[in-house]
Amino acid sequence: MCEWLRKYIKREPPPSSQVRFRCAFRNTIYDALKARGWKETDSDLDWDLHWCDKEWIHDEFDHIHLQPHQRVNHFRNHYELTRKDLLVKNMKRAKRQLEKESRTDEAQSYNVYPTTYVLPMEYSMFVEEFKKHHNALWIMKPVGKSQGKGIFLFDKLSQINDWKTVPSFRQPEGQTQQTAEAYVVQKYVENPLLIGGKKFDLRLYALVTSYSPLTVYFYRSGFARFSHTHFSFDNENLTDIGMHLTNVAVQKQSEKYDEKSGGKWDVRRMKMYLMSKYGEDKVNQLTTAIENIIIKSLLSVQKSMINDKHCFELYGYDILIDSNLKPWLLEVNASPSLTANTKDDYDLKCGMLDDVLTIVDVEKYLTGNELQVGGFDLIYKGGPVSNHPQNAIFRSYLGSMNDRQQQLKKLAKLLAMRAQASPEAATTATTSSSAPGSSSGATSQRRVAARRAVREDSRDAASNAAQPAASKT
């Protein structure tokens, strides 16, 4: 994992030796936390960072008092964004508000999800819409489940009537009134973009460190998840969930599942393929539209979300691309899977999580004004943020070269030089009493580190000048 900040910014004792973490998972996030040299604890409250599950936030967070430096990885009411029914409700509300303000063009930018209704509450409205689309295919998704559980497709209203009477889709017994379990029903995107005759969607990552002001980082990498079955709209395939859903949990059940690739393509590879087939302009429009989906969805819940300085959240976005290269928002995950099923998957997730922890900055190295940290680019902070060269072809860094280690090295050198130029400010920034392992350090150590950074920058510049220029897409 990244050690550049510690290499160039010397502090004694090293802050990492004083950081304590608690983790509810044993997957890549646990490995990323351990790789930073932090100490694990099972204490209820004696920790600096707690990577908790959603249940802990719901059950415990409102009953404890945290110190200023302590951080947790969920916002209190994250479900406003990550529950399927509430996501659509908030997106529709944001669109209606813009329409009331006669901001028609901006309102249209919220048309990024399929036609959706919440059942059984909006059943009558759904039936009216259903009758307008003869022979259309619809998909039902339970609002509170993940990994493809409980999802099914239908093209006849009688199949919905069957759903309403099936006990397995009802609420637990003991409630005063037996009603069908809450689902969202969506018009199936009938023209999904296929590669090799197979359907896929994208899993992308956005990090929110604050909702006031809204502060969003978007990760350059991600992956496309493929079905292992050739796509078809034939009626006999309606029950073949593996053809229509790309979730790894679903695809693992297929006899054709490829354990070596995990049924995934890196987003950069996907971008290069699309550029070769559709050209740079259309792919630029696609990646920009995807980035706008991320921002619009977060803006739609900003006023509803309870902001808390202790909280941050890594969201997993599921995006479907249709044959016209229009992206559709399928759902947002508050606990995206951090279990890796291939080496490439492990490397991607560990690197991304290390960058998340760097941005959260428990060790107090950053200024808070960085436009890029590792593979994350700041795309919104109280307003859109642009960090593109004037001659850049693409308006989004999604799928661009993710040179996170080199970027972190340059960032560490820059911070070291700033520390030399303003040692008192650097001391104040890095020795806050709320920072774990804080100490005054030595000005001479900072100057030595800064001089080393300058020398290495000079060597890097000379090396780069000696090589032919390369174009990075």
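Just so it is clear, the model here is predicted, and its values are computed rather than measured.

In this section: a positive patch on the surface. A surface patch of positive charge is lined by Lys89, Arg93, Arg96, Lys100 and Lys303. Summarising the element assignment, Arg93 is placed in helix α5 (residues 84–100). Under the relative-accessibility criterion, Arg93 is labelled partly exposed at 36%.

What follows concerns the pairing of strand β6 (residues 138–142). The buried count for β6 comes to 5 of 5 residues, which makes it a mostly enclosed element. Across 3 bridges, the pairing between β6 and strand β7 (residues 152–154) is antiparallel. By the bridge assignment for β7, Ile139 is matched with Leu153. Note that β6 and strand β8 (residues 183–187) share 5 bridges and pair antiparallel. Bridge pairing in β8 links Lys141 to Val184.

Our focus in this paragraph is the sheet that holds β7. Pairing in this open sheet of 4 strands is antiparallel, and the strands run β5-β8-β6-β7 from one edge to the other. A strand with exactly one partner marks an edge of an open sheet, and here the two such strands are β5 (116–119) and β7. Put simply, the sheet's adjacent strands are angled 25 degrees from each other on average, direction ignored. Where β5 lies against β8, 4 bridges are found, and the strand directions are antiparallel. In the sheet register, Val118 faces β8, and the bridge partner there is Val184. Sheet contacts for α5: β5, β6 and β8; angle to β5, the most-contacted strand, approximately 130 degrees.

This part takes up the packing of helix α2 (residues 28–35) against helix α13 (residues 343–360). Closest axis-to-axis distance for the α2/α13 pair is 9 Å, and the angle between their directions is 55 degrees. In terms of their interaxial angle, α2 and α13 are classed as oblique. The handedness of the crossing between α2 and α13 is right-handed. Residues Thr28, Ile29, Asp31, Ala32 and Leu33 of α2 lie in contact with α13, whose contacting residues are Tyr346, Lys349, Cys350, Leu353, Asp354 and Leu357. Of the residues that constitute the contact of α2 with α13, the class distribution is 7 nonpolar, 1 polar and 3 charged.

Pairing is parallel across the open sheet formed by 4 strands, whose spatial order is β2-β1-β3-β4. Edge positions in the open sheet fall to β2 (39–40) and β4 (71–72), since each of these has one partner strand only. Pairing analysis gives 2 bridges linking strand β3 (residues 49–51) to β4, with the strands arranged parallel. Residue pairing in the sheet places Leu49 in a bridge with Arg71 of β4. Along the sheet, α2 contacts β1 (20–23), β2 and β3; its crossing angle with β1, the most-contacted strand, is approximately 170 degrees. In this fold α13 packs onto β3 and β4, with an angle of close to 145 degrees to the strand it touches most, β3.

We now examine the pattern of salt bridges. For the structure on display, the rule yields 24 salt bridges. For Asp46, the salt bridge goes to Arg20, with nearest N and O atoms at 3.3 Å. Of this pair, Asp46 sits in the loop between β2 and β3 while Arg20 sits in strand β1, and the two are 26 residues apart along the sequence. Of the residues examined, Asp46 reaches a relative accessible area of 43% and is grouped as partly exposed. Residue Arg20 is classed as partly exposed on the basis of its relative accessible area, which comes to 30%. Where Asp345 meets Lys349, a salt bridge forms, and the shortest distance between an N and an O atom there is 3.4 Å. Residue Asp345 and its partner Lys349 are both found in helix α13; the two are separated by 4 residues, about one turn of the helix. Under the relative-accessibility criterion, Lys349 is labelled buried at 1%. Counted as one network, the salt bridges with shared partners bring together Glu3, Arg6, Arg36, Asp354, Asp355, Glu363 and Arg404.

About the thresholds
Per-chain numbering applies: the sequence of each chain, read as written, is numbered from 1 onward. In view of the model being predicted, local features appear only for residues whose pLDDT reaches at least 70, and side-chain atom pairs are presented and counted only at 80 or more, with totals across whole chains, interfaces and linings using the full set of residues. Hydrogens and waters are ignored; side-chain quantities use all the structure's heavy atoms. Only residues above 30% relative accessible area that lack a salt bridge enter a patch, with like-charged residues linked at up to 9 Å and the nonpolar side chains Val, Leu, Ile, Met, Phe, Trp and Tyr linked at up to 5 Å. Computed by Shrake-Rupley with a 1.4 Å probe, the accessible areas treat only the displayed protein chains as cover when residues are assessed. For this document, the term salt bridge refers to a Lys or Arg side-chain nitrogen within 4 Å of an Asp or Glu carboxyl oxygen. Here the positive residues are Lys and Arg and the negative ones are Asp and Glu; neither His nor the chain ends is included. Each charge is placed at NZ for Lys, CZ for Arg, CG for Asp and CD for Glu. Secondary structure elements follow DSSP: runs of H or I no shorter than four residues count as helices, runs of E no shorter than two count as strands, and numbering proceeds from the N terminus. Note on classification: 1.4 Å probe, protein chains only; a residue is buried when its accessible area is under 20% of the maximum for its type, exposed when over 50%, partly exposed between these limits. By definition, two strands form a pair when at least two bridges between them are found by DSSP. Axis definition: a line fitted to C-alpha atoms, over the contacting stretch in the case of helices. Angles run 0 to 180 degrees between N-to-C directions. Note on contacts: a residue pair qualifies if any of its non-hydrogen atoms lie within 4.5 Å across the two residues. Oblique is the label for every angle not falling under 35 degrees (roughly parallel), over 145 degrees (roughly antiparallel), or within 65 to 115 degrees (roughly perpendicular). Crossings are assigned a handedness: left-handed for a near helix turned anticlockwise from the far helix by less than a right angle, right-handed for a clockwise turn. Under the scheme applied, nonpolar residues are Ala, Val, Leu, Ile, Met, Phe, Trp, Tyr, Cys and Pro; charged residues are Asp, Glu, Lys and Arg; polar residues are all the others, including Gly.

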